[in-house]
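One-letter residues, chain by chain:
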Amino acid sequence: MKKKIHIREPSCGWINLNLYELWEFRELLFILAWRDVSVRYKQTLLGGLWAIIQPFVTMVIFSVVFGRLAKIPSDNIPYPIFSYAALVPWSFFVNSLNKSSLSLISNTNLITKVYFPRLILPFSAVIVGIVDFFIAFIILLIMMIFYGIIPTLALIYLPFFILLTLITSLGIGIWIATLNVKFYDLQNAFPFIIQAWMFITPIAYPSSLLKEPWRSLYGLNPMAGVVEGFRWALLGTNAFPGGILIVSSVSACVVLICGIFYFKRVEHTFADFL
Amino acid sequence: MKNFSITAENIGKHYQIKTGQRYGTLKETINRIINPFHYRKKLRSNSIDRKTDNKIWALKDISFTISHGEVVGLIGRNGAGKSTLLKIIAGITTPSCGKAKVVGKIGCLLEVGAGFHPFLTGRENIFLSGSVLGLSRVDIKSRLDEIIAFAEIEAFIDTQIKYYSSGMYTRLAFAVAAHMVVDILIVDEILSVGDIAFQKKCLGKMDEAASDGRTVLFVSHNMATIKRLCNRGILFHQGKMIMDATIENIVSQYLNNYCNTPSQRKWTSFEFPGNNHVKLLSIRAKNLQDKTIQTIDIQETVGIEIIYQINALQQWPVVIVHFMNAEWLHLFSSHDYYKHSSFIQTSNEICETCWIPGQLFNQGRIFIHLEISSLSPQKKHVNVKDAISFEVIDQRCLEEMKGPFGGQWPGVLRPDLKWDIKQNKTIFCFSQ
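**A word on the sheet that holds strand β16 (residues 349-356) of chain B**
All names here are of chain B.
- One open sheet holds the four strands; their spatial order is β10-β11-β13-β16, and the pairing between them is antiparallel. Either end of the sheet is taken by a strand with one partner, and the two such strands are β10 (264-266) and β16. Within this sheet the neighbouring strands show an average axis-to-axis angle of 20°, counted without direction.
- Bridge count between strand β11 (residues 278-286) and strand β13 (residues 302-310): eight bridges; the pairing is antiparallel. When the bridges of β13 are listed, Arg284 appears paired with Glu305.

**Here's the deal with the environment of Asp290 of chain B**
- Along the chain, Asp290 of chain B turns up in the loop between β11 and β12 (295-297).
- Once the C-alpha coordinates of Asp290 of chain B and Gly303 of chain B are considered, the two residues, 13 residues apart in sequence, prove to be 8.4 Å apart.

**Notes on the sheet that holds strand β18 (residues 379-393) of chain B**
All names here are of chain B.
- Spatially, β12-β18-β17-β14-β15 is the arrangement adopted by the five strands of the open sheet, whose pairing is mixed. Both outer strands of the open sheet, β12 and β15 (330-335), are each paired with one neighbouring strand and no more. For this sheet, the mean angle separating the axes of adjacent strands, direction not counted, is 30°.
- As judged from the three bridges shared by β12 and β18, these two strands associate in the parallel manner. Bridging across to β18, Asp297 finds its partner in Ile393.

**Focus: the pairing of strand β3 (residues 71-76) of chain B**
All names here are of chain B.
- Most of β3 is tucked away: six of the six residues are buried.
- Where burial is concerned, the two faces of β3 agree: the one with Val71, Gly73 and Ile75 and the one with Val72, Leu74 and Gly76 are both buried.
- Note: β3 against strand β7 (residues 215-219), four bridges, orientation parallel. Within the sheet, the bridge partner assigned to Leu74 lies in β7 and is Val219.
- Here five bridges tie β3 to strand β8 (residues 232-237), and the two strands are oriented parallel to one another. Among the inter-strand pairings, Gly76 is bridged to a residue of β8, identified as Phe236.

**A short note on the nonpolar core**
- Ranked by size, the top nonpolar core spans 146 residues in total, and within it Ala85 and Ile120 of chain A together with Leu74, Ile89, Ile186 and Phe218 of chain B carry the most contacts.
- Residue contributions to this core peak at 13 residues, all from helix α4 (residues 79-103) of chain A.
- Ala85 of chain A has contacts with Leu140, Phe230, Arg231, Leu234 and Leu235 of chain A, leaving out every residue within four places of it along the chain.

**Let's talk about the interface of chain B and chain A**
- Between chain B and chain A, the residue contacts involve 37 residues of the former and 29 residues of the latter.
- Contributions of two or more residues to the side of chain B that touches chain A are made by α3 (82-90), β4 (97-103) and α4 (122-132) of chain B.

**Quick notes on the pairing of β18 of chain B**
- Of the pairings in the sheet, the one linking strand β17 (residues 364-374) of chain B to β18 of chain B comprises 10 bridges and is antiparallel in character. Note on β18 of chain B: the bridge partner recorded for Ile368 of chain B is Ile388 of chain B.

**Side note on the confidence of the model for chain B**
Residues and elements named next belong to chain B.
- Taken as a whole, chain B shows an average pLDDT of 80; of its residues, 83% reach a score of 70 or greater.
- Residue range residues 19-23 is modelled with pLDDT below 50. Its contacts to residues more than four positions away, or to other chains, number five contacts.
- Low pLDDT (under 50) marks residues 45-52, which in the prediction has five contacts with non-local residues, meaning those over four places away or in another chain.
- Both confidence scores are given for the complex: pTM 0.71, ipTM 0.81.

**With respect to the environment of Pro273 of chain B**
Residues and elements named next belong to chain B.
- Residue position: Pro273 is located in the loop between β10 and β11.
- Between the C-alpha atoms of Pro273 and Leu288, which are 15 residues apart in sequence, the distance is 27 Å.
- Setting aside residues no more than four positions away along its own chain, Pro273 makes contact with Trp267, Leu280, Val382 and Val384.

**What about helix α7 (residues 196-211) of chain B?**
Residues and elements named next belong to chain B.
- For α7, with 16 residues, the first-to-last C-alpha span of 22 Å sits near the 22 Å given by 1.5 Å per residue.
- Along α7, the residues classified as buried are Cys202, Met206 and Ala209. On an axial view of α7, the arc spanned by its buried residues comes to 55°, and they lie on one face. For α7, exposure combined with an orientation more than 90 degrees from the buried face picks out Ile196, Ala197, Gly204, Glu208 and Ser211.

Rules behind the numbers
- Residues numbered from 1 in each chain as written.
- Chains lettered and ligands numbered in written order.
- Predicted model: local features only at pLDDT ≥ 70, side-chain atom pairs only at ≥ 80, totals over all residues.
- Pairing = 2+ DSSP bridges.
- Helix = DSSP H or I, 4+ residues; strand = E, 2+ residues; numbered from the N terminus.
- Axes fitted to C-alpha atoms, helices over the stretch in contact; angles between N-to-C directions.
- Buried ≥ 20, exposed ≤ 12 C-beta atoms within 10 Å, placed from the backbone.
- Core = buried A, V, L, I, M, F, W, Y, C linked by C-beta atoms within 7 Å.
- Contact = placed C-beta atoms within 7 Å.
- pLDDT = per-residue confidence, 0-100.
- Expected span 1.5 Å × (residues − 1).
- Arc of directions from axis to C-beta.

Pasting the structure below:
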């Protein structure tokens, strides 16, 4: 039997990503995600309900404040479902960021004592959120039935938008996880960044308020594309938001790829820094 | 050489020491980006050269080859670089220079219970910890019963481990680790957990691993264990490899020269402990053949030789030797008050030896405090804590670790006492 030879040497320059190793450790990835999910359900009284409460309450607040009081347009869709369709991917994004930002720090004992591809940690943090995402999504379906919205053929593109959400969350999550190891300051800035990000994402308002080409440029914020895509696929908002989607997809992929490279570049220092 | 398992070539690892501001804060990084020139000037003005001065070498110039199936013990004091080396070999951290090649799958036990989560049950944690250590789900499933039986926690396997006692916790953790299928096993000072019976079980498992032809790298401060398990040793001191030889040589070299308190102390003329009246010149532990010893068999007599000078004293001072064990328990003290026969002659060098018979100390390290005092008027001239130390070992014990008397005999002392054994005529008869 041929045995694998591991080389230990100083890391330098552009490293190979060794994504195959990540595949070899896929079981660990899922078991870590399963750990976080199952711990969460054992630890908290409401368990899965939290997945609904967070976006649902935000939706109610938005409907009252922005929908009723500020009378913000909602592309001719009832405001509650207009905002909730955006809040489902948004809460997934926020939860993933929260979890992955802590993923390296809270697993210090693993990182300093056991070897495994460290990229698994932010990955599993994002995967954990998927369960919550689907619970919140069921509520969205119920609301669609309630408002009598029949999805158009565009629904078949929904998996693509879910994938885009994953890529975005993973990309930003990896960056934040990595930076968090080195810069503890980031932890303080983090809630503020999320809050600001929420307002530069078309959650409470439609991106159609902007004229082209500004609307497409808006897609540089990958969450803008995600949110508009969700609305289009599920609620059949007037037109296919093509420009914004392309820009968002590209920017999400760029963020993810750069993030993985940066992560790999500094990965070897984690054990020393933590 | 084809058959190697681990080779290391000039491995080194250094850490930056952070001076003043923490290196790598957001503030500093932003400053550096905004104003690189100023930053560099500031560095220079502090006369700190980051390239050279602020490096601490945790490891330097480590080269060795370990062939397949060898069981190697790494010995050294805390901070000698053993754990860093293990981490480099395991891939947890990268070396700063040099290169190591490792052939085969590595199982790494730097900590018991890596990945354990208190809210999960024992069974769930077996799967968790198993996959962290690189076992596949199928493997864990097929060994589940074996692992549970090894850990001796059948009754509690579906209880959340936050309710476990620390013993149960470590037993479970080690049980998972012991069932890894690897080519190279790296173990860092974890066998010292659990009760004696469990420790023996673990040692047995390690023996098994070694006899299966796996390569084992083992770090422990328990010399008896390391001597029993390993056949080769590597001695580390302050990040450097001092010696690579058979385990017996390494252990004695380590005990003699690198343990915290030496068994012999001599002072140079400016730093003699004492005052104008009494000056302590040297103190050492020796055997009957007048050789300085670091380790002594439990059967042998030990002498504590004290050489001191007195000056302008009317009376003999009293020399008191206090004996402590490794837990700093005061075992007993001895003094020479009634032993002086001749009159005192000033400015003489005096050599006294206090003899401790064999079969009195228990196994372990003995530390000696020395005190030299006058009684009237009462005055302490010399008071040296932790002056010297030596190790008492039971040679038979090393050979018969597995026997009924294995391990440490209970009690702080182990005197050889007189026993009278008589056979009286039986009055009662046992029923036949």
